[in-house]
Amino acid sequence: MSVTVFNPRIDDAAVANTIASTPTVTALNEASSAQSPVNKAATKKVFVTTQGCQMNVYDSGKMLDVLGDSHGMEVTHDIDEADVLLMNTCSIREKAQEKVFSELGRWRKLKEKRPDLVIGVGGCVASQEGDNIQKRAPYVDMVFGPQTLHRLPELYDQSNEQREIAPKNRIGTIDVSFPSIEKFDFLPEPRVEGYKAFVSIMEGCSKYCSFCVVPYTRGEELSRPLDDVLAEIDSLAEQGVREINLLGQNVNGYRGEKDDGSICRFAELLHYVSHVDGVERIRYTTSHPLEFTDDIIDAYAQLPELVSHLHLPVQSGSNAILAAMKRNHTIDVYINQINKLKAIRPDIHLSSDFIIGFPGETEQDFQDTLNLAKELNFDHSYSFIYSKRPGTPAAELPDDVSFKTKKERLAEFQKVIIDSTLAKTHEMVGTTTRVLVEQVANRHPDYLIGTADNTRTVMFPYDVDKMDELLGKIVSVRVTDFVSPHMVKGELIEMLA
Ligand code: SAH
Ligand code: F3S
């Protein structure tokens, strides 16, 4: 792992009910630095911190890839030995955004001691703030957005040139444009560690939910062409990846161009991905109920590779709030979709995102949200107190709910979610579950660990002679014990794939 992950889904104001499993990040491997023309003594080291969603985690991996490819830079986890510091930022909630400047304050002290340090700020705060970043933090050398991270090598060279020409009067380099989807054409071949990988299939979002900053920071939806996506997945599968997580803010809005100029929609993409040799499991993050169409639901009947887990953010259980959020669907539509899916996959595990304390949320609206969570019995969910984002339509709405009330509602809501998470994990005991075997357990080398469809970590004892045979395989495990809200113990039944 090459990236320090700070997950804003777990910030103080909005403690998430569960923690997503640690994502796999593309990292520079030995081979890449060995092939590099750069001599070892001059090899620069790059350190990255990542805030925010899986898209940012994916992007951070790509930043490391491009700098490794272009400048032979190596990744370091030790900030004190780094030559380049990159911060991949998130602006989804105010708290995350504020952390950017407090962290930059610490980096400034490092730079005072080591003036050669190059500091870059990328991600959504960079996109939103643009040259304000350098106004507020003039020691920042590079500012780049989610769509321009592939230009990091040029920005790095330019900032070094400026340093030589006018060391005292640097202006820094900045590129936070939205140059369509060219980024993907400039990224090196994906490299992986482990058996799981994320593949970005689209950028941006055009849903414009009234509370959300993403369409402004990441731009409107743009899908990668089908062949590009499949080529990346092919390459990952050849390197041993068994589980693909298709990534985007609104993946079920995917409209990728095919070779013949026609458009491939998300359900069709799922079929293509399931046919890639080596791909045993498909997940996707994240989708919007409005485009969770019947063809996607039908794919669950046709594609065993699709895991029995769906993360479908609903945000609220109240129709009035959904309308104010501009989600453009009702609760009945959502429940209907879930019921259709359950008819096809009775074992489906559900998770969702909720915003508590949206402007104007009445006690009744909140009760409706609580009731929805109880009725649908989510496997886990993320919940956040509404955070006013400048420039979004909801920021203009009158908000008569006190912060104290919002915090109390969040606590009450999260209790319901935590209880159902715990109950779901306990219910696994005595059942058989499909697990992708990933590694030997760090602290219990007698056990292998892997992930179940419902994202729970599963540990089971194994025969050392069989280890190589088991790693990277899908196996069936009978669950025998509850370990923690997100972990169970079991015994191996058989190898499935
Ligand atoms: N399409 C992405 C949305 C990214 S934002 C996805 O569904 O994952 C992730 C979550 O952050 C949203 O689902 C929402 O619950 C939460 N969120 C977004 N804007 C927010 C805001 N202004 N305040 C609080 N939570 C917010
Ligand atoms: Fe944000 Fe709504 Fe898109 S939550 S990312 S505008 S689907």
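Look up: the structure comes first, before these words.
Conventions used here
- Per chain, residue numbering runs from 1 following the sequence as it is written.
- In the order they appear in the text, chains get letters beginning with A and ligands get numbers beginning with 1.
- Reporting of local features is limited, given that this is a predicted model, to residues whose pLDDT is at least 70; pairs of side-chain atoms are given and counted only at 80 or more, and all residues count toward the totals for whole chains, interfaces and linings.
- Just so you know, side-chain values use all the structure's heavy atoms and leave hydrogens and water out.
- The axes used here are C-alpha line fits, helices contributing only the stretch in contact, and every angle between their N-to-C directions lies in the interval 0 to 180 degrees.
- The way it works is that DSSP assigns letters per residue, a run of H or I at least four long becomes a helix, a run of E at least two long becomes a strand, and they are numbered from the N terminus.
- Crossing handedness is defined as follows: a turn of the near helix away from the far one that is anticlockwise and smaller than a right angle gives a left-handed crossing, while the clockwise case is right-handed.
- The contact criterion used is simple: two residues touch if any of their non-hydrogen atoms lie within 4.5 Å.
- Under the convention adopted here, Pro, Cys and the residues Ala, Val, Leu, Ile, Met, Phe, Trp and Tyr are nonpolar, Asp, Glu, Lys and Arg are charged, and Gly plus all remaining residues are polar.
- Throughout this document, a residue counts as near a molecule or strand when at least one of its heavy atoms sits within 4 Å of that molecule or strand.
- Detection works on a 1 Å grid of protein atoms alone, calling trapped sets that fit a 1.4 Å probe cavities and calling open sets with protein on both sides within 12 Å along at least five of seven lines pockets, with lining residues defined by an atom within 4 Å of a point.
- Just a note on the criterion: a molecule sits in a pocket or cavity if more than half of its atoms are within 2 Å of the grid points.
- Oblique is the label for any angle not under 35 degrees, not over 145, and not in the 65 to 115 range, which are roughly parallel, roughly antiparallel and roughly perpendicular in turn.
- Only buried Ala, Val, Leu, Ile, Met, Phe, Trp, Tyr and Cys residues count toward a nonpolar core, and they belong to the same one when joined by side-chain atoms within 4.5 Å.
- Relative accessibility decides the category of a residue: with a 1.4 Å probe and only protein chains considered, values under 20% of the type maximum give buried, values over 50% give exposed, and everything between is partly exposed.
- Grid points are joined across faces, edges and corners, and a volume is the space filled by probe spheres set on the points.
- When DSSP finds at least two bridges between two strands, those strands are taken to pair.

Student: It is not clear to me how the packing of helix α8 (residues 226-238) against helix α9 (residues 266-274) should be interpreted in this structure. Could you clarify?
Tutor: Here α8 crosses α9 at 30°, and the two axes come no closer than 10 Å. Crossing of α8 against α9: the hand is right-handed. Only L269, Y272 and V273 of α9 make contact with α8, whose side of the interface consists of L226, V229, L230 and I233. A per-class count over the contact of α8 with α9 returns seven nonpolar, no polar and no charged.

Student: Would you explain the site of ligand 2 in this entry?
Tutor: Surveying the vicinity of ligand 2 reveals the residues C205, K207, Y208, C209, F211, C212, V214, P215, Q249, H288 and R327. A molecule is said to occupy a pocket when more than half its atoms come within 2 Å of that pocket's grid points, and by this definition ligand 2 occupies the largest cavity. Residue composition of the shell around ligand 2, by class: seven nonpolar, two polar and two charged.

Student: How should the packing of helix α13 (residues 363-376) against helix α14 (residues 403-428) be read in this particular structure?
Tutor: Packed helices, taken two at a time, are described by the angle their axes make and the gap between the axes. Relative to each other, α13 and α14 sit at 15°, their axes nearing to 9 Å. It follows from the interaxial angle that α13 and α14 lie roughly parallel. For the crossing formed where α13 meets α14, the hand is right-handed. Between α13 and α14, the residues in contact are E363, F366, Q367, T369, L370, A373 and K374 and R409, E412, F413, V416 and I417, respectively. Per-class residue counts for the contact of α13 with α14 are six nonpolar, two polar and four charged.

Student: Explain the nonpolar core here, please?
Tutor: General note: in soluble globular proteins, nonpolar side chains tend to be found buried as a group. By size, the foremost hydrophobic cluster in this structure holds 68 residues, and its most contacted members are L246, F266, L269, L270 and Y284. Top contributing element to this core by residue count: α8, with six residues. One finds M87, F101, V140 and V143 within the second-largest nonpolar core, a separate group that totals 19 residues.

Student: Help me out: how do you make sense of empty space enclosed by the protein in this one?
Tutor: Space left empty within the atom packing is revealed by a probe, the size of a water molecule, rolled over the atoms. The final tally for this structure, using the stated rule, is two cavities of 30 Å³ or more. In this model, the largest cavity occupies a volume close to 710 Å³. Lining the largest cavity are 40 residues; nearest its centre among them are I92, C212, V214, Q249 and D353. Going through the elements one at a time, α2 (54-71), α7 (214-217), β16 (349-356) and β17 (380-385) are the ones with two or more residues in the lining of the largest cavity.

Student: Just to check I follow, could you spell out the sheet that holds strand β11 (residues 243-247) for this structure?
Tutor: Strands in a sheet are paired, the pairing made by backbone hydrogen bonds, and the direction either parallel or antiparallel. With parallel pairing, three strands are arranged side by side in an open sheet as β8-β11-β14. Each of the sheet's edge strands pairs with one partner strand only, and the pair in question is β8 (196-200) and β14 (281-285). Adjacent strand axes in the sheet meet at a mean angle of 25°, parallel and antiparallel pairs treated alike. Pairing of β8 with β11 involves five bridges; the strand directions are parallel. When the bridges of β11 are listed, V199 appears paired with L246. Helix-sheet contacts for α8 involve β8 and β11, and the interaxial angle to β8 is about 165°.

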